[in-house]
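This is what each chain is made of:
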Amino acid sequence: MNWIWLVVILFWTGGFAWFADTVRTALRNRHERKLELMEAAKAERLAVETAHKPPEPVCGCTHHLAKHDKSGRCHERVEVPTAWDENKKPLRFEPGQCNCQQYVGPQPLSQVYAEELTDRA
Ligand SMILES: [Zn+2]
Ligand SMILES: [Zn+2]
């Protein structure tokens, strides 16, 4: 029964404590890795969800895509300053039309799909 002596010697020399410690550390590391993986998966899921969400179709002129006509001109009513004070701060406004010439914001997904379908047809 040599192996019993080996175990006893290991125990005496602190080898056993080292072994137990190694196992404990390994278990803890595995647990931490699992947590990290779970965190990574959560972040990935969030990123995927954000990527799948269509961006707000808002143009560079800050107006919604719906305010632009087919040729891209913006029809949103805006206040056009007609008078300024000495600090170049507008004093009076007149209702006018946004002078945006082309919608430059993101295209809504439905429209992109529709265009692809029309291309194929
Ligand atoms: Zn615009
Ligand atoms: Zn506009």
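Summarised in this report is the structure supplied together with it. (Residues numbered from 1 in each chain as written. Chains lettered and ligands numbered in written order. Predicted model: local features only at pLDDT ≥ 70, side-chain atom pairs only at ≥ 80, totals over all residues.)

Along its length, the protein carries three helices and two strands. The order of α-helices and β-strands along the protein, N terminus first, is α-α-β-β-α. Put simply, the protein has 121 residues, and 4% of those count as buried. A fraction of 43% describes how many contacts in the protein between residues 6 or more apart in sequence connect residues 24 or more apart. (Helix = DSSP H or I, 4+ residues; strand = E, 2+ residues; numbered from the N terminus. Buried ≥ 20, exposed ≤ 12 C-beta atoms within 10 Å, placed from the backbone. Contact = placed C-beta atoms within 7 Å.)

It is worth spelling out unusual backbone geometry at this point. Residues other than glycine seldom take positive phi values, yet Thr62 does so here, at roughly 75 degrees. Topologically, Thr62 is positioned in the loop between helix H2 (15-52) and strand S1 (77-84). Overall, the presence of 13 C-beta atoms within 10 Å leaves Thr62 in the partly exposed class. Even without a glycine there, the phi angle at Lys88 is positive, about 60 degrees. When you line up the elements, Lys88 lands in the loop between S1 and strand S2 (90-97). Classification of Lys88 as exposed rests on a count of 7 C-beta atoms within 10 Å.

The subject of this paragraph is the pairing of S1. The buried fraction of S1 amounts to zero of the eight residues, a small share that puts the element mostly on the outside. Across seven bridges, S1 lies against S2 in antiparallel orientation. By the bridge assignment, Val78 is partnered in S2 with Gly96. The antiparallel hairpin formed by S1 and S2 contains five residues in its connecting segment, where Lys88 sits at a positive phi of about 60 degrees. (Pairing = 2+ DSSP bridges.)

Fair warning: the whole summary comes from geometry, so function is off the table for now.
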